[in-house]
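Now for the letters of each chain:
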Amino acid sequence: MSFISNASLEVADSEVFSIIEKELKRQTNHLEMIASENFTSPAVMQAMGSVFTNKYAEGYPYKRYYSGCEEADAVEQLAIERVCKIFGCAYANVQPHSGSQANAAVYAALLQAGDRILGMNLSDGGHLTHGSKPSFSGKNYSAFYYGVELDGRINYDKVLEIAKITQPKIIVCGASAYAREIDFKKFKEIADEVGAILFADIAHVAGLVAAKEHMSPFPYADVVTTTTHKTLRGPRGGVIMTNDEEIAKKINSAIFPGIQGGPLVHIIAAKAVAFKEVLDSSWREYAKQVKANAKVLERVLLERGFELVSGGTDNHLVLVSFLDKPFSGKDADTALADAGITVNKNTVPGEKRTPFITSGIRIGSPALTARGMREKEFEFIANKICDVLDNIEDKVLHAKINKELEELAGNFVIYNQSTY
Ligand SMILES: Cc1ncc(COP(=O)(O)O)c(C=O)c1O
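Residues numbered from 1 in each chain as written. Predicted model: local features only at pLDDT ≥ 70, side-chain atom pairs only at ≥ 80, totals over all residues. Heavy atoms only, no water.

In the annotation of an unreviewed UniProt entry, the entry for the protein reads Serine hydroxymethyltransferase, and the organism field reads Sulfurimonas xiamenensis. Its UniProt record, at the heading Cofactor (unreviewed entry), says of the protein: "pyridoxal 5'-phosphate". Under Subunit (unreviewed entry), UniProt gives the following word-for-word description of the protein: "Homodimer." (UniProt positions renumbered as here; feature names shortened; annotations may be inferred.)

Below, the structure written as structure tokens:
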């Protein structure tokens, strides 16, 4: 008799099943507006839960260390071909377990310990892995930073000035909390002027880039990374891309055996499924709607007297600043959560509070857009956000709004009972 139970999760482990049920309920009833989150399709989740989780496939397609990798080869090759087609590049590594792993591999491939990198300040919208001190990227390398001006925008002349002084080996562009389009061409000119490698981390805007709704990092960047779970709507994971064969070879060695062991073949299969969705003609419409919905957030928040970092948005998120308000980003985050809206507190340029308290929040449109919400719903939600922020201590109002928004959410089903 087999030792493997074929019981369903519900029967095999009712505790975990019940926690997952509750999480599904939370995701369904709340309005998910964290800019880095999204909903994958059941097809993506099915691939994630597939038998590929059982397979060791150290190495790369057709060059593996273990036998029995024929199907792993096929699915990884498919993922590579699809992602190269999406972004118009020649080489891709689809094995990074996350965006941070992808970024770690880029540095490991192209730098020696102590080499200089120049990235965007964490407090101005950069990511931890762009040279922040608590991260390996700030510990293992000598990191310097550019930021945004008080108007909330990158000043490219200033980036050049800093690059000339610091002479970095790599310039990192891309951000976690920047509402304006990133000009990869200008970054390339800066990199060329100081002889640096240009590394674009498009984790946040990849889904928009795929739809030509944001400038592409190709042909400007020498190496590009992305996560697959944000605007790309795929499984949690990372990808590294390049057009340079030498860089591609170094990246492959840096991922395996450099910083990872066996690839997560089930996740690679799910990445392939997500990439097929991105290649579908409907993707353009999704990405356009993500931007259109963010524009509604921009308009309503401005009309209702709130300050937006950089004055608005070109992408999928807005950053609201409370520098002139008596309450913090943390207060706003908590009040909105009570009202059924999930956002995250965020530092803003000119920040005076700590990173745990902050003076801002980041609000994104990708997840609710994936649920099918459009301008009408975003207008309603944006006004509710303003109502909460205008009455930050009114818990009765927050509870009332929570009920109204739960009703709205109920009209936008994410998953059928049988598909999670
Ligand atoms: C720009 C950017 N790069 C990299 C990452 C890291 O991705 P992960 O959380 O998958 O490690 C993030 C995540 O928020 C990000 O915003």
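Resuming the write-up.
A. The arrangement of the nonpolar core in detail. Ranked by internal contacts, the top residues of the largest apolar core, which has 52 residues, are Phe87, Ile154, Ile171, Phe187, Ile202 and Met241. A domain split of this core shows at least three residues from each of domain 1 (47-279) and domain 2 (285-418). Dropping the residues within four chain positions of it, Ile154 is found in contact with Met120, Tyr146, Gly147, Val148, Val159, Tyr178 and Phe187. (Core = buried A, V, L, I, M, F, W, Y, C linked by side-chain atoms within 4.5 Å. Buried < 20%, exposed > 50% of the residue type's maximum accessible area, 1.4 Å probe, protein only. Domains from an automatic or database assignment. Contact = heavy atoms within 4.5 Å.)

B. Up close: the UniProt feature "domain: Serine hydroxymethyltransferase-like" (unreviewed entry) in the protein. Those residues carrying the UniProt feature "domain: Serine hydroxymethyltransferase-like" (unreviewed entry) are residues 9-384 in this numbering. With 44% helix and 15% strand, the stretch residues 9-384 has end C-alpha atoms that lie 38 Å from each other. (Helix = DSSP H or I, 4+ residues; strand = E, 2+ residues; numbered from the N terminus.)

C. The arrangement of a nonpolar patch on the surface in detail. A cluster of nonpolar side chains, Leu9, Val16 and Ile20, forms an exposed patch at the surface whose accessible area comes to about 220 Å². Inspection of the secondary structure assignment puts Val16 in helix α2 (residues 14-29). With a relative accessible area of 35%, Val16 lands in the partly exposed category. (Patch = residues over 30% accessible without salt bridge, like charges linked within 9 Å, V, L, I, M, F, W, Y side chains within 5 Å. Areas by Shrake-Rupley, 256 points an atom, 1.4 Å probe, with all protein chains shown as cover. Salt bridge = Lys/Arg side-chain N within 4 Å of Asp/Glu carboxyl O.)

D. Region of interest: helix α16 (residues 395-410). Here α16 contains 16 residues, and its C-alpha end-to-end distance of 22 Å stays within 8% of the 22 Å for a straight helix at 1.5 Å per residue. Among the residues of α16, those classed as buried are His398, Ile401, Asn402, Leu405, Leu408 and Ala409. Here the buried residues of α16 occupy an arc of 125° about the axis, which is enough to place them on one side. More than 90 degrees from the buried face of α16, the exposed residues found are Val396, Lys400, Lys403, Glu407 and Gly410. Where α16 is buried, its residues contact α2, β1 (31-32), α13 (329-338), β13 (341-342) and α15 (375-390). (Expected span 1.5 Å × (residues − 1). Arc of directions from axis to C-beta.)

E. Up close: the environment of Tyr91. By secondary structure assignment, the location of Tyr91 is in strand β4 (residues 91-93). Classification of Tyr91 by relative accessible area gives partly exposed; the value is 30%. Separated by 84 residues in sequence, Tyr91 and Ala7 place their C-alpha atoms 42 Å apart. Setting aside chain neighbours within four positions, we find Tyr91 in contact with Cys84, Ile240, Met241, Thr242, Asn243, Asp244, Glu245 and Ala248.

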